[in-house]
Amino acid sequence: MANKLLLVSFVLSFFFFFMIHSSNADHNVIRYGAKPDGKTDATQAFLRAWKSACSSATASTIYVPKGRYLIKGVEFRGPCKSRIKVQIDGTILAPLDYHAIGNSGYWILFIQVNRISVFGGTLDAKGAGFWACRRAGKNCPVGARSITFNWANDILISGLRSINSQLTHLVINSCKNVQVRNVNLMAPDLSPNTDGIHVQSSTGVSITGSTLQTGDDCISIGPGTSNLHISRIKCGPGHGVSIGSLGRQLKEDGVQNITLTDSVFIGSDNGVRIKTWARPSTSFVRNVLFQNIIMRDVENPIIIDQDYCPNNVGCPGQSSGVKISEVTYKNIQGTSATPEAVTFECSPSNPCKGIRLQDIKLTYMNKAATSSCKNIDGTSTGLLTPESCF
Ligand SMILES: *[C@@H]1O[C@H](CO)[C@@H](O)[C@H](O)[C@H]1NC(C)=O
């Protein structure tokens, strides 16, 4: 009798052990019906895997094994009951016909999902058809960002690779506490509006160890971004790192506490840029540090442009309301692809304040590059080539 009881309790505890571990186990998308052939639509299978992971009371993993998975526009919605890890060893493909994902603005969208980590994976949005449509000036759909996080907190994205996005590769919008590590985002130099990473209305975002080769901004920083730290990125080709465009709206949240350090720009149109519309606005940029940066053949290594007004439409008075202050440029060296390496074109109605230059060395064809200033006030220290113009 005692022996029997022992056996039963042994079996039971084994059973519970198994239950706990199976609830923590992989939600392998193959088990939910995905076919890794690159042809069969796996969207519903991914959604079924998401549904069980999201409703799991304990932490769970969604696993995408090696292979190619065809996915149409998809929305992974939270809130979920527990943390989710997504491990992607395979490649996720968009359909070749760009209309399939191009009508909604998003390809892969996470909404209100907290505590999610995404490891690895390649996304191929097959954007070439869409770019060709835009270049031909045809009637094209709005296009899709490849992967977007909206209203999501405590996120880690590590080792993701994304190629051929229709528009921006990775969007972080209205999020808190996001880490982006070792991502590799690529689109051809001349592909229109293929930004690498766009951050807006978010706080506590760090982007580190990443390579961004795109047709538009490597990283663009939109209204309402604070406490964003970028380090060890390699940017170019593309338009560089841009705070802005800001000040398009009259009432707009500002950008503050931004650092970009220990990075390299290669052959990009801009290095570090702040760009605002020449329109009235409540927006601002304050407390920014650009430090330890190498420029190689960059057209505008350091630039503030407050005169943005494409086609001169809708910019009454041609003066930006965006207040730019406390921006430091420290230890920035390398080569400019144009004679003027430093351009400060600040707003006549809201001059830039508290701009600091320290240890800048930028050359053009082995000679000192030049700088130009408008409506700016600040200080400079250390060795400066070009000399400060304020
Ligand atoms: C910006 O950083 C300062 C300290 O450097 C901090 O006091 C402030 O709260 C930060 N601003 C935001 C919006 O988090």
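Keep in mind that what you see is a predicted model, and the values were worked out from it rather than measured.

1. Things to note about the overall build of the protein chain
So, point 1. Check the secondary structure of the protein chain and you find 4 helices and 29 strands.
So, point 2. Seen along its three principal axes, the alpha-carbon backbone of the protein chain occupies a region of about 95 × 50 × 40 Å.
So, point 3. The buried share of the protein chain, taken over its 390 residues, is 43%.
So, point 4. Residue pairs at least 24 apart in sequence account for 73% of intrachain contacts in the protein chain once pairs closer than 6 positions are excluded.

2. Focus on the site of the ligand
So, point 1. Lining the immediate surroundings of the ligand are Ser226, Asn227, Gln256, Asn257 and Asn287.
So, point 2. Contributing elements (two or more residues each) for the shell around the ligand: strand 18 (226–235) and strand 20 (255–266).
So, point 3. Of the residues assigned to the shell around the ligand, the class counts are no nonpolar, 5 polar and no charged.

3. Some words on the UniProt feature "active site" (unreviewed entry) in the protein chain
So, point 1. UniProt records the feature "active site" (unreviewed entry) at His239, using the numbering of this structure.
So, point 2. Structurally, histidine 239 can be placed in the loop between strand 18 and strand 19 (241–246).
So, point 3. For histidine 239, a count of 23 C-beta atoms within 10 Å translates into the label buried.

4. Considerations on the nonpolar core
So, point 1. Membership of the largest hydrophobic core comes to 95 residues, with the highest contact counts inside it found for Ile62 and Val285.
So, point 2. Take this core: its biggest share by element is 7 residues, from strand 22 (residues 284–298).

5. Digging into the confidence of the model for the protein chain
Note that predicted coordinates carrying low pLDDT should not be read in detail.
So, point 1. Summary statistics for the protein chain give a mean pLDDT of 94 and a share of 94% for residues scoring 70 or more.
So, point 2. In the model, residues 14–24 has pLDDT below 50 throughout and makes 5 contacts with residues more than four positions away in sequence or in other chains.

6. Examining the sheet that holds strand 19
So, point 1. Here 11 strands make up an open sheet; going across it, the order is 5-7-9-12-15-17-19-21-23-25-28 and the pairing parallel. Of all the strands in the sheet, the pair left with one neighbour each is strand 5 (74–77) and strand 28 (370–374). The sheet shows a mean angle of 15° between the axes of neighbouring strands, direction not considered.

7. So, the pairing of strand 21 (residues 270–277)
So, point 1. Of all 8 residues that make up strand 21, 8 are buried, and the element is covered over most of its length.
So, point 2. Note: strand 19 against strand 21, 4 bridges, orientation parallel. Considered in strand 21, the bridge of serine 242 is made with arginine 273.
So, point 3. Taken together, the 6 bridges between strand 21 and strand 23 (residues 300–308) define a ladder with parallel strand orientation. Note on strand 23: the bridge partner recorded for lysine 275 is aspartate 305.

8. Points about the pairing of strand 15 (residues 197–200)
So, point 1. Two elements, strand 12 (residues 170–173) and strand 15, share 4 bridges in a ladder whose sense is parallel. Looking across to strand 15, one finds that asparagine 173 is bridged to glutamine 200.

9. Points about the environment of serine 388
So, point 1. Note that serine 388 resides in the segment after strand 29 (376–385).
So, point 2. With 335 residues separating them along the chain, serine 388 and alanine 53 place their C-alpha atoms 57 Å apart.
So, point 3. Setting aside residues up to four positions removed in sequence, serine 388 forms contacts with Leu357, Ser371 and Ser380.

10. Focus on unusual backbone geometry
So, point 1. Of note, the amide linkage connecting glycine 236 to proline 237 takes the cis form, showing an omega dihedral of 0°.
So, point 2. Structurally, proline 237 is set in the loop between strand 18 and strand 19.
So, point 3. In the Ramachandran plot, serine 174 falls in the positive-phi region, its phi being about 60° despite a non-glycine side chain.
So, point 4. As for its placement among the helices and strands, serine 174 is situated in the loop between strand 12 and strand 13 (176–181).
So, point 5. For serine 174, a count of 16 C-beta atoms within 10 Å puts it in the partly exposed group.

11. Quick look at helix 2 (residues 43–55)
Note: α-helices contain 3.6 residues per turn, so residues at a spacing of three or four share the same orientation.
So, point 1. Over its 13 residues, helix 2 runs 18 Å from end to end, which matches the ideal 18 Å to within 8%, given 1.5 Å per residue.
So, point 2. Inspection of helix 2 places Phe46, Ala49, Trp50, Ala53 and Cys54 among the buried residues, and these make up the whole buried set. Projection of helix 2 onto a plane perpendicular to its axis shows the buried side chains occupying an angular sector of 125°, all on one side.
So, point 3. Packing partners of the buried residues in helix 2 comprise strand 1 (26–28), strand 3 (60–64), strand 5 and strand 6 (84–93).

Criteria and thresholds
Residue numbers here run from 1 along each chain, matching the order of that chain's written sequence. Reporting of local features is limited, given that this is a predicted model, to residues whose pLDDT is at least 70; pairs of side-chain atoms are given and counted only at 80 or more, and all residues count toward the totals for whole chains, interfaces and linings. The way it works is that DSSP assigns letters per residue, a run of H or I at least four long becomes a helix, a run of E at least two long becomes a strand, and they are numbered from the N terminus. Put simply, a residue is buried when 20 or more other C-beta atoms lie within 10 Å of its own C-beta and exposed when 12 or fewer do; between those, it is partly exposed, and each C-beta is set from the backbone. By definition, residue pairs are in contact when their C-beta atoms, positioned from the backbone, come within 7 Å. Nearness is defined per residue: the C-beta atom, placed using the backbone, must lie within 6 Å of the molecule or strand. Polar here means any residue outside two lists: the nonpolar Ala, Val, Leu, Ile, Met, Phe, Trp, Tyr, Cys and Pro, and the charged Asp, Glu, Lys and Arg; Gly therefore counts as polar. UniProt positions are given in the numbering used here, feature names are shortened, and annotations may be inferred rather than shown by experiment. One nonpolar core equals one set of buried Ala, Val, Leu, Ile, Met, Phe, Trp, Tyr and Cys residues connected by C-beta atoms within 7 Å. The predictor's confidence in any single residue is recorded as pLDDT, a number from 0 to 100. Strand pairing is assigned whenever DSSP detects at least two bridges linking the two strands. Every axis in this analysis is a line fitted to C-alpha atoms, fitted for helices over the stretch in contact. Angles between the N-to-C directions lie between 0 and 180 degrees. Any helix carries an expected span of 1.5 Å times its number of residues minus one. Arc definition: directions from the helix axis to the C-beta atoms.

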